Amino acid sequence: MEEKDFVGPINEFLKQCEQSGDSAYSAFRSLLEKLEDPITRAEARIFLSHLQKRFTSKEATEDCLRTYNFRIQDIVIEQYEGYKRRKKLTMMVIPSIFIPEDWSFTFYEGLNRHPDSIFKDKTVAELGCGNGWISIAIAEKWSPLKVFGLDINPRAIKVSWINLYLNALDENGQPIYDGENKTLLDRVEFHESDLLAYCRDRGIQLERIVGCIPQILNPNPDAMSKMITENASEEFLYSLSNYCALQAADTDISALVEIEKNSPHRFEFFMGLAGDQPICARTAWAYGEAGGRISHALSVYSCQLRQPNQVKMIFEFLQNGFQEISSSLDLSFEDDSVADEKIPFLAYLANVLKESSFFPYEPPAGSIRFRNLIAGFMKTYHHTPLTTDNIVIFPSRAVAIENALRLFSPRLAIIDENLTRHLPRQWLTSLNIENAETDQPSADVLTVIEAPRQSDLMIELIKKLKPQVVVTGMAQFEAITSSAFEHLLDTTRAIGSRLFLDISDHFELSSLPSPNGVFKYLAGTSLPSHAAIICGLLKNQVYSDLEVAFVISEEESIFKALSKTVELLEGNTALISQYYYGCILYELLAFQLADRHPSPERGCDKAETVEMIGFSSSAISVLDTAELSIDDKENSLLHMDVDQSFLPIPSPIKAAIFESFARQNMAESETDVAPSLREFIKAAYGFPSDSNTEFIYSDCPQSLFNKLVLCCIHEGGTLCFPSGSNGNYVSAAKFLKANIVDIPTESELGFKLTENALTNVLQTVKKPWVYISGPTINPTGLIYSNEEIESILSSCAKFGARVVLDTSFSGLEFNFEGWDLEDSFRKLNLDLRVCLLGGLSLKMLAGGFTFGFLVMADPCLVDELYSFSGLSKPHSTVKYATKKLLGHREQKAGNLLDAIGKQKQILGNRSKRLKETLEGCGWDVLEPCAGVSMVAKPSAYVSKIIKLDHSYKDASVYEAKIADSNIREAILRATGLCINSSSWTGIPGYCRFTVALTDSEFEKALDCIVKFKDIVF
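Residues numbered from 1 in each chain as written. Predicted model: local features only at pLDDT ≥ 70, side-chain atom pairs only at ≥ 80, totals over all residues. Heavy atoms only, no water.

A. Representation of the overall build of the protein chain in the model. When you go through the protein chain residue by residue, the secondary structure sums to 37 helices and 29 strands. Taking all 1017 residues of the protein chain together, 56% fall into the buried category. Within the protein chain, contacts between residues separated by at least 24 positions form 74% of all contacts whose residues are at least 6 apart in sequence. Total accessible area on the protein chain stands at roughly 43,900 Å², and carbon and sulfur atoms take up 49% of it. (Helix = DSSP H or I, 4+ residues; strand = E, 2+ residues; numbered from the N terminus. Buried < 20%, exposed > 50% of the residue type's maximum accessible area, 1.4 Å probe, protein only. Contact = heavy atoms within 4.5 Å. Areas by Shrake-Rupley, 256 points an atom, 1.4 Å probe, with all protein chains shown as cover.)

Here it is, written out as structure tokens:
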């Protein structure tokens, strides 16, 4: 039947419904009979679809309820994350049943806080099911064995069955099957029942009982003795839930009188419902006998294990090979809010460590899951429709602000005085504000003017000084409404200033967040292109120093550029910190349904904007030419282009990570890494240290390297990179505007730095800083022997060069015992000239668990480095785990050393297999001796034409002549394999491949290399 065929029947149906509520019910009861008959079921369901389409808007459905005595509407039930089924249910109500109100949705939100196992494959009953929506939602989400919806109101049961058919069949009347090939009709039944009478009388064994009954039934014996039938009046049926309860008149309390008579105990009763003075049982009995009405107080006590399912998950993890850390677990909490936050995270962490053998690759913009959760929180709690492509994650608010300023490099920036503490000292002391209104930013000088937070004073300074960038927060009294924010937007737009607004003090991780004017604005209007929002997350209940931050921008170019600054300047944002706050957000989202009301249309900011400052010239150059990570939203690419291990994480590392969070009240000595690091660098490299040696830590070695670059720039030095150095480090130095010199290396020597080549360069350079990656060289995977590094250090000493000795890619040598440089340092007097840079991630094959350290002895350089504050410092839990692991290594603990030794062997074998595959496909390979990477030259492919009818990257046609400049893109488009080209390695013609993939992905990568050969040839 076509839509026109239903016009007449629908009009007749509505005419009948319009007469009265009873008539509407009668019409739907007849329709239910057709739904129950398999022959007429599909046609009846199609009829309901067309009937619903008559009333599509919220106003129309409300008018339908008033006019036609029924309403059909959609209820949004989509949980934010992981909801893989339908996102809404369709529900009908009539006046003679209880119409769902906000408290019923709150009740369902509460059910969402339980794990899936609470209802999965269970037999469930819902008391007081009303129109059946909660029973249907439970069946839809949790796949129980059976749900019995029970209600004393017979009309409610009929309406519930109609709603069940509405959702069990699609708009064409066809059954909707779930993953177990069942429909809702297989899982749900509705029955008239006084409480559980239906199930009790039939011997049905229930495993779960739920009920959202905020009122109780009228206890009047006369009222309840009436036969409740579906033919009872609307008023009577609806009133079943609208009585308050007194003590029943015939309740015998004489036994309580006897208890009072024979003991000192006294019961408390009250005269009527309004009485507030208690009377004893004897007085109450006498008052009742005389015709008075008595009531009593009701106290409900409950006792349960905190988060029992999550606690069970924690102990299952510990019993699965981690019993030795059980003694560190302390689940006693004085503060419920601490327990509510920490226990779910420990359960989540236990599940991650148990189910995953490695930490997954995440893009520089931050964990996709975490950004999804932030976007979900903003949408659900603040009605702000954001996506993952509007959110960039940073290690801290200070880092976000500094990166943004370096990206634009304005001559003059006005910054809230509360936000300048971690900015470089040089920016806060410069007074170079002349010609600040010129379009071209200064190449080197950035001047920061501190300003009060109050918006009227800030705006006055903006108008007078005309800065190119403004970074400010908002006073508490101004944050409640959007007017101050809008004034800032208008003023900065008119001046041509970029605005970064900090909302950290007003962002609440709460199920009842306070009103926020910025979010009110964003709910209705998209964020203008010249503005971005910064938010530091610090307000957790457990760790006062555990921080991550995020920046919101709806301008695509800003999002991409900020993401790249994270990759260049920070390396990454600590993954476990993202997990921690992600867990908090997940718990908050689990307590809320998606917005049940459609989001209002957002307006666009159409005001004209004067020309704004763009990215700095150095930023543009690097962002356009640097070979950074490839966007992988679907997580479908194979990454042989990242310095991260995806091999199984050894059990001792998992244990150390979990124990660091399970512990409470750690002593300072338990997180003091310096003594263990001192022993480590002496044993591994013979690197000397004493009481004057400074140990500086960060989440990642890359951020420490960049602070050294800034020290070099401030000292007027020149960074000297051997050809064949870490491409990200070289790009970061260019981004920071360092003077850079390339030291030539030769293929015959494996592109190693030699004393002669170094001497030739140092003769021409003033204040040289020499970067050396070793013992393992990144990217080639070759090794500097003890003799080779001593000769290089000797040349550096001769010319007074500073040395950055980067060991962060070392520790996985296949057949190498390490360096012993103690004698060289003593003979050459190098203590003050050499900085040792290192990290633990690759050494321990710890995947996403990262820790960077910098060891330096020159007090002047230490002071200089600390002037560039804003380091993403590792959290105390990271330092605890690091100290634990270094202790295992120092004690030569078998489990850890055996695991690392085994994986070194795996890496060695993989390097051989990759070499064989590449050589078999026409590549010239430089065989590595260590680490996770190797380089090879695509000699057979240069100048060959590649033609693709269907590119892997974007399904487009692709044709190109292969060269150094496009080999990476050609392989990506042809196979989905990501590698680094010569622009990253710094070695003409040579590409880099990393081998620390999962077993399956390594095999796929080898297949991709062969596939690329087949496509080209």
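B. Examining the sheet that holds strand β5 (residues 188–192) more closely. Strand order in this open sheet of 4 strands is β5-β4-β3-β6, and the pairing throughout is parallel. The sheet is open, and its two edges are formed by β5 and β6 (208–211), each paired on a single side. Along the sheet, successive strands turn relative to each other by an average axial angle of 20°, direction set aside. For strand β3 (residues 123–127) and β6, the ladder comprises 4 bridges, and the chain directions are parallel. Residue pairing in the sheet places V124 in a bridge with R208 of β6. Lying over the sheet, helix α7 (residues 154–168) contacts β4 (146–151) and β5, oriented at roughly 165° with respect to β5. (Pairing = 2+ DSSP bridges. Axes fitted to C-alpha atoms, helices over the stretch in contact; angles between N-to-C directions.)

C. Main features of the nonpolar core. Membership of the largest hydrophobic core comes to 167 residues, with the highest contact counts inside it found for F658, W923 and F993. With 11 residues, the single largest contributor to this core is helix α15 (residues 336–355). Excluding its chain neighbours within four sequence positions, the residues that come into contact with F658 are I314, F317, L318, I325, L346, L349, A350 and L353. If you look at the next biggest cluster of nonpolar residues, it comprises 67 residues, including F394, I696, L861 and V862. (Core = buried A, V, L, I, M, F, W, Y, C linked by side-chain atoms within 4.5 Å.)

D. Representation of the side chain of N167 in the model. Inspection of the secondary structure assignment puts N167 in helix α7. With a relative accessible area of 1%, N167 lands in the buried category. Here the side chain of N167 touches N163 through a polar contact of 2.8 Å, landing on its backbone oxygen. (Polar contact = N/O pair within 3.5 Å; in protein donor to acceptor, adjacent residues only side chain to side chain.)

E. Broad picture of the pattern of salt bridges. Per the stated rule, a full pass over the model turns up 29 salt bridges. Here K146 and E189 are joined by a salt bridge, their closest N and O atoms 3.4 Å apart. Of the two residues, K146 is situated in strand β4 and E189 in strand β5; the sequence distance between them amounts to 43 residues. With a relative accessible area of 17%, K146 lands in the buried category. R453 serves as the salt-bridge partner of D416, at 2.5 Å between the closest nitrogen and oxygen. On the criterion of sequence distance, the pair formed by D416 in strand β10 (residues 412–416) and R453 in the loop between β11 (447–451) and α19 (455–465) is long-range, its members being 37 residues apart. You'll find D416 and R453 in the same group, each marked buried. What emerges from the salt-bridge pattern is a single network uniting K120, D178, E180 and R187. (Salt bridge = Lys/Arg side-chain N within 4 Å of Asp/Glu carboxyl O.)

F. Structural view of the packing of helix α24 (residues 617–625) against helix α28 (residues 727–735). Where α24 meets α28, the closest approach of the two axes is 8 Å, and the angle between their N-to-C directions is 155°. Considering their axes alone, α24 and α28 lie roughly antiparallel with respect to each other. Every residue of α28 that contacts α24 at S618, A619 and V622 is listed here: S731, K734 and F735. When its residues are assigned to classes, the contact of α24 with α28 shows 3 nonpolar, 2 polar and 1 charged. (Parallel < 35°, antiparallel > 145°, perpendicular 65-115°, else oblique. Nonpolar A, V, L, I, M, F, W, Y, C, P; charged D, E, K, R; others polar.)

G. Structural detail: the packing of aromatic side chains. Here the structure, examined in full by the defined rule, presents 46 aromatic pairs. Judged by centre distance (5.0 Å) and plane angle (70°), the ring pair of F687 and F825 falls under edge-to-face. Of this pair, F687 sits in the loop between α26 (674–685) and β17 (694–698) while F825 sits in helix α31 (residues 822–828), and the two are 138 residues apart along the sequence. The exposure class of F687 is buried, given its relative accessible area of 4%. Between F705 and F721 the ring centres are 6.2 Å apart and the planes differ by 55°, which places this aromatic pair in the tilted class. Residue F705 is located in helix α27 (residues 701–714), and its partner F721 is located in strand β18 (residues 718–722); the two are separated by 16 residues in the primary sequence. (Phe/Tyr/Trp six-rings, centres within 6.5 Å; stacked < 30°, edge-to-face > 60°.)

H. Molecular detail of the environment of E668. Tracing the backbone through its elements, the reader meets E668 in the loop between α25 (651–662) and α26. As a C-alpha pair, E668 and Y880 span 212 residues in sequence and 9.5 Å in three-dimensional space.

I. Spatial organisation of the sheet that holds strand β24 (residues 924–926). Ordered in space as β24-β25-β29, the 3 strands form an open sheet in which the pairing is antiparallel. The sheet is open, and its two edges are formed by β24 and β29 (991–994), each paired on a single side. Looking at each pair of strands side by side, their axes are set apart by 35° on average, direction ignored. As judged from the 4 bridges shared by strand β25 (residues 933–937) and β29, these two strands associate in the antiparallel manner. Residue pairing for β29: V935 is matched across the bridge by R992.

J. Examining α24 more closely. Within α24, burial applies to S618, A619, V622 and L623. All buried residues of α24 lie within an arc of 120° about the axis, which places them on one face of the element. Seen from the open side of α24, the exposed residues pointing more than 90 degrees away from its buried face are S617, D624 and T625. Here the buried face of α24 lies against α17 (397–408), α22 (556–570) and α28. (Arc of directions from axis to C-beta.)

K. Examining unusual backbone geometry more closely. That bond from G774 to P775 is cis: its omega, 0°, falls within 30 degrees of zero. Mapped onto the fold, P775 is located in the loop between β20 (768–773) and α30 (786–798). The phi angle at N665 is positive, at roughly 55°, despite the residue not being glycine. Within the secondary structure, N665 is located in the loop between α25 and α26. On the accessibility criterion, N665 (75% relative accessible area) is exposed.

L. Layout of the pairing of strand β19 (residues 739–743). Here β18 runs beside β19; their pairing, made up of 5 bridges, is parallel. Among the inter-strand pairings, C720 is bridged to a residue of β19, identified as V741. Following the chain from β18 across α28 to the adjacent parallel β19, one finds a crossover that is right-handed. (Right-handed = clockwise from strand over helix to strand, strands pointing away.)

M. Main features of the side chain of T565. By the secondary structure assignment, T565 is in helix α22. Separated by 2.6 Å, the side chain of T565 and the backbone oxygen of L562 make a polar contact. If we ignore the near neighbours within four places in the chain, the residues touching T565 are F394, N403, L407, E570 and F735.

N. Structural view of the environment of T388. Checked against the element boundaries, T388 lands in the loop between α16 (368–382) and β9 (391–394). Along the sequence, T388 and G376 sit 12 residues apart, while their C-alpha atoms lie 9.5 Å from each other. Non-local contacts of T388, meaning those with residues more than four positions away in its chain, are made with I368, R371, N372 and F559.

O. Looking closely at the environment of H487. In this structure, H487 sits in helix α20 (residues 483–495). For the pair H487 and D456, spaced 31 residues apart in sequence, the C-alpha separation works out to 9.0 Å.

P. Geometry of helix α1 (residues 7–19). Counted at 1.5 Å a residue, the expected span for α1 with its 13 residues is 18 Å, and the 19 Å between its end C-alpha atoms agrees. Along α1, the positions that sit buried rather than exposed are I10, F13, L14 and C17. Relative to the axis of α1, the buried residues are bounded by an arc of 95° and lie together on one face. Away from the buried face of α1 by more than 90 degrees, exposed residues E12, K15 and Q19 are located. Tucked inside the fold, the buried residues of α1 contact α2 (21–36), α3 (41–53) and α4 (58–68). (Expected span 1.5 Å × (residues − 1).)

Geometry only, nothing functional implied.
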